[in-house]
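An overview of the molecular structure
The chain contents come next:
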Amino acid sequence: MTAHSPRILIIDDEPQIQRFLQPALAASGYEPVKAMTGREGLAEIARRAPDAVVLDLGLPDMDGKEVLTRARAFYDGPILILSARDRETEKIDALDLGADDYVEKPFGVGELLARLRVALRHKIERAGIKPVIERGGFKLDLTLRLVTRNGEAVRLSPKEYDLLALLAEGGGKVLTHKQLLTAVWGPAHAEDVQYLRVFIGQLRQKLEDDPATPRLILTESGVGYRFGVE
Amino acid sequence: MTTGEPLRPDPDALLEEAARASRGRLKVFLGMAPGVGKTFEMLRSARRAKAAGEDVVVGVVESHGRQETQALLRGLEVMARQPMEHRGRSLLEFDIDGAIARRPALLLVDEYAHSNAPGSRHPKRWQDVAELLDAGINVWTTLNVQHLESLNDVVWKITGVRQLETVPDNALSAADEIELIDLTPEELRRRLADGKVYVPETARLASEKFFRLENLTALRELALRRAAQTVDDQLVGAMKRAGVEGPWAAGERILVLIGADAASSSLVRAGRRLSDMIGDAPWTVAHVERPSHPVLDEGAQQHLGTALKLAEQLGAAALILSGEDIVISVKAYVRQNNVTQILVGNRRFQRRRPFGRPSLTAALLEDSTGAALHVVTEAPQEQAPALPRRPRLAAGVNWRRYLSSAGFVAIATGIAYLLQARFADADLSMVFLTAVLASGVLHGLRPALLAATASFLAYNFLFIEPLYTFWIGSPANLLALFAFWAVALATGGLAGRVRDQASALSRHTAAITSLLAVSRRLSAATTKGEVAQAIADHVSAGVGGETTVLLPEGGEIAAVAGTPTLTPLGTSAMTAARWAWERGEVAGAGTGTLPQLPRTFYPLQGSRVRAGVVGVEHSAALTPEAQRYLTALLDQGAVALERAEFAADAADAEALRRSDRLRAALLNSISHDLRTPLSTVLGSATTLLDYGPVLEPDTRQDLLLSIREEAERLSRYVGDLLDMTRLEGGALVTRQEWTDIRDVLAAAIERVQRRAGNRRIDRDFPADLSLIQADPGLAEQAVVNILENAIAYSPDGTAIEVAAYEDRRGIVISIEDEGRGVPTAELERVFEKFHRLEEPSDRHKGSGLGLAISKGFVEAMGGQIAAASPIHDGHGTRVLISLPKPATPPEAAA
């Protein structure tokens with residue numbers, strides 16, 4: 001943790017949500033800032049340079065995705081989406097537009113704060129990429145392009161490695177199907193989710209202790225995958 | 001196919017097999033002549049089947065009084081015949097409906113080629129059998145080979161007896177099994193001599209001729225060949241199904257070229273035999289029409305129509321090619337379709353064509369099309385007297401044309417006679433030429449030629465020396481006269497041909513114009529009813545008399561449009577219409593199904609579905625031209641009906657989509673309204689759980705308050721939803737009792753007081769107010785909903801005024817706020833479900849149900865509710881509730 005307490009901007013028009021998020025964030029050592037509209041939110045991001053942003057998609061003055069797009073033009077810190085389950089496609093759109101993660105309403109404060117911690121750590125990791133990622137018996141050396149499991153080298157195909165590296169570098173960030181497909185197979189295959197199903201399955205077979213209850217590569221149903229961080 | 005890969009069964013063959021599986025199986029006992037014992041053998045086999053436990057029923061068997069046949073019938077179930085009245089005589093016919101209702105496993109139907117009594121469902125028994133097979137009943141039947149359509153000519157040539165009862169070849173091909181009942185001709189003649197063969201008395205003479213030894217030998221050969229061929233076909237079919245590799249008469253294609261004369265039908269039959277000989281090769285019957293000579297006289301059209309229809313019956317593709325040069329058209333067709341065998345008649349095509357060009361036969365021989373050429377000897381006089389002739393259309397009209405032309409010549413003769421004193425003989429010829437020209441222009445080619453010759457004779461007789469004889473005296477006169485004849489023939493011929501072509505053209509133009517009008521009217525019609533009426537009008541105007549259009553309605557078809565009027569159809573007409581609808585076949589007059597009806601029923605076959613049926617009353621059989629016009633019209637009509645149907649479907653789909661969108665919006669709204677308070681409750685509660693100890697006491701207090709408020713909000717929302725459900729489900733019961741509205745209002749204000757914040761709620765109640773009959777609970781909820789709405793849409797610190805007063809009819813409650821007001825356009829909709837103004841100033845969003853519920857409750861108590869806005873200088877809203885006074889008896893609870 002850095003010396004000052006991380007500043008978190010909450011953009012949500014529901015005063016009741018602000019009413020419990022503010023004290024909860026303050027109590028866990030963050031400095032909460034609130035914005036009730038999209039416009040106000042963008043101004044706060046520019047002026048206060050928060051360490052992370054929590055953004056509600058349903059804002060009165062402008063669409064949450066619009067806020068996201070505009071913010072990404074000048075802000076590269078983590079942005080967490082608050083979304084209702086009936087806005088599934090909007091959630092995926094938001095992730096594709098550059099959001100780092102999402103939390104579905106209604107949510108417990110503990111879950112939101114956990115996601116926030118991951119996002120913040122990821123931000124720090126991204127600042128100086130760690131060439132080696134370790135998790136339990138799993139070790140990925142990005143410099144050597146080497147994957148070992150309990151000390152033994154694991155043989156991966158180039159596509160499998162690319163996919164794994166992409167997820168691991170995400171550091172727990174949700175990557176949508178589209179993002180993964182575009183990065184590994186190219187834009188022409190952005191909709192071919194079946195590729196992912198096959199390759200993720202293969203990776204889990206090779207890397208997970210129990211492929212049926214994966215801990216390294218986690219599924220976000222209908223959205224994408226993330227790398228298990230803890 | 002490549003080697004190594006297993007041969008796959010031919011899918012078409014398998015499909016055919018699948019179609020056959022649900023159909024009944026047909027077995028034909030085939031014989032060469034009457035008396036060989038087909039019926040006998042069939043009954044013996046039937047007895048064996050019955051003994052083996054099969055459900056055998058005799059549909060119809062003619063015993064002709066033979067003892068052994070009758071003995072065999074004993075012990076078998078024999079169906080009763082159906083009496084049919086025909087010209088005062090009562091005929092006993094096979095009862096097809098009874099057979100279908102009885103549904104035996106195996107039905108015996110003797111004499112496949114039998115013609116049914118007029119008035120039966122089908123004219124021919126083989127058509128009855130086809131229906132039985134479709135119904136899934138197995139049928140055994142008997143047939144003599146001479147009754148086969150394609151062998152009709154051959155048998156006639158062999159025996160000199162023309163068979164009137166014929167069976168199309170594909171009716172025999174449909175048989176799953178053929179059993180040949182063979183007997184040596186000598187044995188048969190012996191049986192005939194012993195009187196064991198039934199021969200009707202009237203045919204005794206003919207039969208003497210028929211049963212000659214050489215005839216029987218030839219017929220026996222035909223029967224054997226046909227049976228062998230069917231075995232072949234079945235073998236080929238079985239091998240195809242099994243995926244055994246061909247050759248299956250590979251690539252053989254036959255083209256039969258026919259003219260438009262009496263010999264055409266024989267040529268078609270010859271084509272079928274050729275096709276049979278080379279392994280059931282696909283064959284086409286074609287006629288070449290020359291655009292410059294488009295008009296065939298009615299007789300020729302009739303011949304052509306008959307021949308093309310026969311071709312289709314015998315399994316050929318029938319078509320009309322168009323081209324100025326027959327040879328070029330034929331050669332092009334031959335090349336494009338890989339025709340390997342060409343069949344032509346000798347008479348028509350050996351005729352040399354004008355200007356020294358070779359005959360068609362010669363031209364085809366010279367050209368290297370690669371196709372084998374078969375030339376068949378035609379004998380048009382074969383047109384046996386026994387063949388029923390159709391009444392010739394418009395025969396009388398022709399005579400009138402000739403008479404009129406003769407009249408022109410007579411008038412010309414009269415004028416010339418009067419003028420002869422003043423003019424030279426040569427000039428008089430001009431008068432006759434005028435008559436010839438007039439005949440040509442008005443009546444066409446043939447009358448003009450008649451007029452030319454008549455003029456020649458009259459001119460010669462009356463004006464050329466020696467007078468009053470056909471003798472010609474001087475050589476100069478001879479020359480003049482024959483020159484006149486030649487000129488008259490040429491002029492008349494030219495004029496006549498021009499007239500014929502012009503009239504043909506105008507008929508074509510009329511047909512095209514009419515089709516254009518049809519298409520315009522059809523495209524203007526938007527509903528199926530309008531389309532149906534348009535079809536009825538145009539069909540009636542174009543080709544027939546009374547016309548009815550039937551469209552599907554709930555699994556049945558019903559007459560929906562008619563010209564000149566929509567008259568209900570009789571039972572038999574409906575049967576024919578249903579037949580056309582269910583099978584997609586033409587039925588009624590001029591067809592094989594219910595031909596005794598005055599109308600013909602045509603199915604309207606669209607591109608995807610059958611759209612309906614058109615019933616037309618023909619004054620006479622249709623000419624091919626009229627047939628083409630009708631076909632075009634029906635096609636257009638069917639497509640238009642289909643389009644109307646699609647348009648209706650599209651409208652339905654659009655309505656559904658809209659209501660889906662509405663439902664999605666409602667669901668969205670409900671889920672948002674439920675989830676937001678839940679988020680707050682869950683979030684606040686988890687905050688308290690996780691961070692309770694480190695939070696300030698004030699913050700803890702605030703979070704707890706927030707939980708309570710949101711839980712209350714949720715509870716109200718759920719209550720609203722329940723109220724709405726009760727209202728909509730009709731489950732709302734009002735409990736009317738004597739109520740003081742002031743108490744109701746005070747209670748309502750009390751309930752909303754806490755949420756009102758700094759808004760001031762003013763009361764303006766009179767000291768004296770009548771009691772009314774009302775449900776205090778519902779009334780209070782109605783007022784609470786309006787108050788909550790007023791709070792949500794007016795800023796903090798403003799006033800809300802609640803007033804009550806009495807007027808002539810009842811008590812009026814008035815609730816006014818000082819909010820932004822409601823835009824006039826929205827006023828009417830504020831009482832609608834889930835209607836919400838854009839931005840309530842308070843963050844406590846309502847459910848969008850409150851005012852709808854108020855309205856429902858007030859109306860349930862017999863009252864009325866209305867909103868007005870703006871009320872003070874462009875802002876503020878007033879809601880008025882009026883409840884009836886006791887003088888008015890309270891309305892019954894909903």
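Residues numbered from 1 in each chain as written. Chains lettered and ligands numbered in written order. Predicted model: local features only at pLDDT ≥ 70, side-chain atom pairs only at ≥ 80, totals over all residues. Heavy atoms only, no water.

**As for the overall build of chain B**
Tallying secondary structure elements over chain B gives 27 helices and 25 strands in all. Looking at chain B as a whole, 43% of its 894 residues qualify as buried. Partitioning the intrachain contacts of chain B with sequence separation of at least 6 by distance along the chain shows that 70% fall at a separation of at least 24. As presented, chain B carries roughly 44,500 Å² of accessible surface, and 57% of it is formed by carbon and sulfur atoms. (Helix = DSSP H or I, 4+ residues; strand = E, 2+ residues; numbered from the N terminus. Buried < 20%, exposed > 50% of the residue type's maximum accessible area, 1.4 Å probe, protein only. Contact = heavy atoms within 4.5 Å. Areas by Shrake-Rupley, 256 points an atom, 1.4 Å probe, with all protein chains shown as cover.)

**A word on the overall build of chain A**
Counting secondary structure elements, chain A contains eight helices and twelve strands. Taking all 230 residues of chain A together, 52% fall into the buried category. Taking contacts inside chain A between residues at least 6 apart in sequence as the whole, the part at least 24 apart equals 58%.

**Looking at the confidence of the model for chain B**
Residues and elements named next belong to chain B. The pLDDT averaged across chain B works out to 78; a share of 83% of its residues lies at or above 70. Looking over chain B, one finds the lowest element-wise mean pLDDT in helix H14 (residues 346-350), namely 57, and the highest in strand E6 (residues 106-109), namely 92. Low confidence marks residues 380-396, where pLDDT is under 50. Its contacts with residues over four positions away, or in another chain, come to 22 contacts. Contacts of residues 890-894 to residues separated by more than four positions or lying in other chains number five contacts, the stretch itself having pLDDT below 50. (pLDDT = per-residue confidence, 0-100.)

**Let's talk about helix H2 (residues 38-51) of chain B**
Residue and element names in this part refer to chain B. Over its 14 residues, H2 runs 20 Å from end to end, which matches the ideal 20 Å to within 8%, given 1.5 Å per residue. Taken as a whole, H2 has its buried residues at Lys38, Thr39, Glu41, Met42, Leu43, Ser45, Ala46 and Ala49. Remark: Gly53 follows H2 within two positions and exhibits a positive phi of approximately 95°. (Expected span 1.5 Å × (residues − 1).)

**Thoughts on the side chain of Thr148(A)**
Residue and element names in this part refer to chain A. Within the fold, Thr148 resides in strand E8 (residues 146-149). Take Thr148: its relative accessible area is 15%, and that puts it in the buried class. Residue contacts for Thr148: discarding those within four places in its chain leaves Gly137, Phe138, Lys139, Ala153 and Val154.

**Focus on the packing of helix H7 (residues 177-185) of chain A against helix H8 (residues 193-207) of chain A**
Residue and element names in this part refer to chain A. Interhelical geometry of H7 versus H8 gives an angle of 80° and a closest axis separation of 10 Å. It follows from the interaxial angle that H7 and H8 lie roughly perpendicular. Of the residues in H8, those in contact with His177, Leu180, Leu181 and Trp185 of H7 are Val193, Tyr195, Leu196, Arg197 and Phe199. (Axes fitted to C-alpha atoms, helices over the stretch in contact; angles between N-to-C directions. Parallel < 35°, antiparallel > 145°, perpendicular 65-115°, else oblique.)

**A word on the pairing of strand E12 (residues 224-227) of chain A**
Residue and element names in this part refer to chain A. A two-sided burial pattern is seen for E12, the buried positions comprising Gly224 and Arg226 on one face and Tyr225 and Phe227 on the other. Here two bridges tie strand E10 (residues 175-176) to E12, and the two strands are oriented antiparallel to one another. Within E12, the position partnered with Leu175 by the bridge is Tyr225. Relative to E12, strand E11 (residues 217-220) is paired through four bridges, and the arrangement is antiparallel. For Leu218, the partnering residue across the bridge sits in E12 and is Arg226. Adjacent in sequence and paired antiparallel, E11 and E12 are bridged by three residues, among which Gly222 carries a positive phi angle near 75°. (Pairing = 2+ DSSP bridges.)

**Overview of the interface of chain A and chain B**
A common measure of how large an interface is: the accessible area buried when the components associate. Across the contact, 21 residues belong to chain A and 28 residues belong to chain B. At the boundary of chain A and chain B, one finds two salt bridges. Residues Arg19(A) and Asp702(B) are paired through a salt bridge, measuring 3.0 Å at the closest nitrogen-oxygen approach. On the surface where chain A and chain B come into contact, there are seven residue pairs in polar contact (both at pLDDT 80 or more). The greatest single-element share of the side of chain A that touches chain B, amounting to eight residues, is contributed by helix H1 (residues 15-27) of chain A. (Salt bridge = Lys/Arg side-chain N within 4 Å of Asp/Glu carboxyl O. Polar contact = N/O pair within 3.5 Å; in protein donor to acceptor, adjacent residues only side chain to side chain.)

**Considering the sheet that holds E8(A)**
All names here are of chain A. Strands sit in the order E6-E7-E8-E9 across an open sheet of four strands; the sheet is antiparallel. Unpaired on one side and paired on the other, strand E6 (132-135) and strand E9 (152-153) mark the two borders of the sheet. Pairing analysis gives two bridges linking E8 to E9, with the strands arranged antiparallel. By the bridge assignment for E9, Thr148 is matched with Ala153. Contacts from helix H6 (residues 158-170) reach E6, strand E7 (138-141) and E8 within the one sheet, and its direction differs from that of E7 by about 100°.

**Observations concerning the packing of aromatic side chains**
To describe a pair of aromatic rings, one takes the distance between the centres and the angle between the planes. All names here are of chain B. In the structure shown here, the tally under the stated rule is 14 aromatic pairs over all chains. Note on Phe29 and Trp140: the rings are 5.7 Å apart at their centroids and 65° apart in plane angle, and the pair reads as edge-to-face. Of this pair, Phe29 sits in strand E1 (residues 26-31) while Trp140 sits in strand E7 (residues 138-144), and the two are 111 residues apart along the sequence. Accessibility classification places Phe29 together with Trp140 in one group, the buried group. Centre to centre, the rings of Phe432 and Phe484 are 6.4 Å apart; their planes meet at 75°, and the pair counts as edge-to-face. (Phe/Tyr/Trp six-rings, centres within 6.5 Å; stacked < 30°, edge-to-face > 60°.)

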